[in-house]
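What follows is each chain in one-letter form.
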Amino acid sequence: MCVRRCVITVGDLGEFGAINRITGRLPQGAAVMLGPGDDAAVIGAPDGRVAVSTDLLIEGRHFRRDWSSGYDVGRKAAAQNLADVAAMGATPTCIVVGLGMPADLPVAWLDALTDGIRDECAVVGASVAGGDITRCDLVVLGVTALGDLGGRPPITRAGAAPGQIVAVSGRLGYAAAGWALLDAGAPVDSAALQEVVAAHRRPCPPYAEGPRAAELGATAMLDVSDGLLQDLGHVAKASGVRVELDPQAFAIGEPVAAAAKELGVDPLEWVLTGGEDHALAAVFPQGVRLPASWHVVGRVVEGDGVLVNGREIGHGGWDHFR
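Residues numbered from 1 in each chain as written. Predicted model: local features only at pLDDT ≥ 70, side-chain atom pairs only at ≥ 80, totals over all residues. Heavy atoms only, no water.

Enquirer: Requested: an account of the overall build of the protein, with residues and values cited.
Expert: For the protein, the count of helices and strands is 10 helices and 12 strands. Radius of gyration (C-alpha) of the protein: 20 Å, near the 20 Å computed for a compact globule of 322 residues. Referenced to the eigenvectors of the C-alpha coordinate spread, the extents of the protein come out at roughly 65 × 50 × 35 Å. Going through the 322 residues of the protein one by one, you find that 49% of them count as buried. Total accessible area on the protein is roughly 14700 Å²; 53% of this is exposed by carbon and sulfur atoms. With 25 positive and 38 negative side-chain charges, the protein shows a spacing of 2 Å between the two charge centroids. (Helix = DSSP H or I, 4+ residues; strand = E, 2+ residues; numbered from the N terminus. Rg over C-alpha atoms; globule rule 2.2 N^0.38 Å. Buried < 20%, exposed > 50% of the residue type's maximum accessible area, 1.4 Å probe, protein only. Areas by Shrake-Rupley, 256 points an atom, 1.4 Å probe, with all protein chains shown as cover. Lys, Arg positive; Asp, Glu negative; His and termini not counted. Charge placed at Lys NZ, Arg CZ, Asp CG, Glu CD.)

Enquirer: Can you tell me about the sheet that holds strand 12 (residues 305–308), naming the residues and giving the values?
Expert: Here we have 6 strands laid out as an open sheet, ordered 8-10-7-11-9-12, and mixed in their pairing. At either margin of the open sheet sits one strand with a lone partner, and together these are strand 8 (220–224) and strand 12. Direction aside, neighbouring strands of the sheet carry axes that sit 25 degrees apart on average. As defined by bridge partners, strand 8 adjoins strand 10 (residues 279–284) across 5 bridges and the pair is classed as antiparallel. Considered in strand 10, the bridge of leucine 222 is made with alanine 281. Against the sheet, helix 8 (residues 228–239) touches strand 7 (165–169), strand 8, strand 9 (242–245), strand 10 and strand 12, its axis set at about 155 degrees to strand 8. (Pairing = 2+ DSSP bridges. Axes fitted to C-alpha atoms, helices over the stretch in contact; angles between N-to-C directions. Contact = heavy atoms within 4.5 Å.)

Enquirer: Outline the pattern of salt bridges, supporting the account with residue identities and numerical values.
Expert: A full pass over the atoms with the stated rule returns 15 salt bridges. With a shortest N-O distance of 3.3 Å, glutamate 276 and lysine 76 are connected by a salt bridge. Of the two residues, glutamate 276 is situated in the loop between helix 10 (267–273) and strand 10 and lysine 76 in helix 3 (residues 70–86); the sequence distance between them amounts to 200 residues. A salt bridge links arginine 152 to glutamate 215; its shortest N-O distance comes to 3.7 Å. Of this pair, arginine 152 sits in the loop between strand 6 (140–148) and strand 7 while glutamate 215 sits in helix 7 (residues 209–216), placing them 63 residues apart in sequence. Given the relative accessible area of 60%, glutamate 215 is considered exposed. Among the ionic contacts, a cluster of salt bridges with common partners joins Arg21, Arg25, Asp111, Asp115, Arg118 and Asp119. (Salt bridge = Lys/Arg side-chain N within 4 Å of Asp/Glu carboxyl O.)

Enquirer: Tell me about the packing of aromatic side chains, and please be specific about residues and values.
Expert: Per the counting criterion, the structure on display carries 1 aromatic pair. Both rings, one in phenylalanine 284 and one in tryptophan 294, keep their centres 5.3 Å apart while their planes meet at 80 degrees; by these two values the pair is edge-to-face. Placement of the pair is phenylalanine 284 in strand 10 and tryptophan 294 in the loop between strand 10 and strand 11 (295–301), with a sequence separation of 10 residues. According to the relative accessible area criterion, phenylalanine 284 is buried, its value standing at 0%. The exposure class assigned to tryptophan 294 is buried, which follows from its relative accessible area of 4%. The ring of tyrosine 174 has arginine 171 lying over it, and the distance from NZ or CZ to the ring centre is 4.6 Å. (Phe/Tyr/Trp six-rings, centres within 6.5 Å; stacked < 30°, edge-to-face > 60°. Lys NZ or Arg CZ within 6 Å of the ring centre and 35° of its normal.)

This is the structure:
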C-alpha cells in the first residue's frame, strides 16, 4: 500500500467533517454567549464597545509549510491579530477564522493548526468563536480578533505630542533574524540561532502590556509588525510629530547578535526594520514611571518623520506589495 493512501486528508473528511473536527478541539470561554454551529456567534461586550482587527496569512507569502509546522502557523496567525487588539489597549476576548486549504492537506496538519490557534488564544484567555472553511490551492487564513476596552479610551496612533517619550515592550529583531537564516539556508546549529528561527515561526507578543500601557497613560501605541521605523512612521504621520530614536538605547539580544555574525550583517538593521516579533511601541507623557517591561528608546519632538541618531535613514520594513 502506498504511503499516500495511509494519510487521511481534509478531502477524505469533507467540509462538514472538517468543521466538526476543528470545532471539537476548541473550548469556549466566558465571553462567548453562542459559539460555533449557528449562522453567527454571539459575544459579550461588557464595555459596550468592541476593538476589532483582521489580518490575512497566505502560504508562500507569510509562511512556508516546509519552514513551519501547522502548530507554528496556528500560533502565528492568532498572535498577530491578538497583538493588534492589545495595541489598542484592549484585552482580547475571541477570534473568528476563515480558512482555505487544499483537499490533499493532511488532517494531522489541520489538527496541529487548530491546536496552535487554540493555544495562542489561551495565553490571553480568548476563544475561537467560529469561522468558515473552503477549498483553496494554498493554505489561507483570515483571522478577525475582538477585544474589550475595559472602560478605557482606545489608544490610537494619533495621540503623540512633542515632549513625550517613546518606549518599546517585547523583542525586536528576533523574527527578522530567524527569517534571514532560513532564507539564506544557513546552518542553525546552536541554541542562539534556534531561538531566532523559533521567533520567526512563533512570535511571543507582550499582550498584557497593551492594557497596562493604557492604564499608565499611553497617548499613542501600535503593534510592531512591519518594522519599528515604518510603524513609528505611522505614529509620526497620524500625530503630526517627529520621532527621534537613540540607537544606543536598543539592547541587541545575544541570539540576534549570533545570527548577525553568522550572516555578516548589522543586527541593528533587524531591530529597526524587522517585523513579525509583534512587540508594542507606545508614547508616554514625560515623567511616567514605566515598569521594567518597557524600555525608553526615543522621544517625540516637533517636525515630521522618524530619525535615528539625528538622521533619516529610510523606514524599510515590510511592504505587502513589494
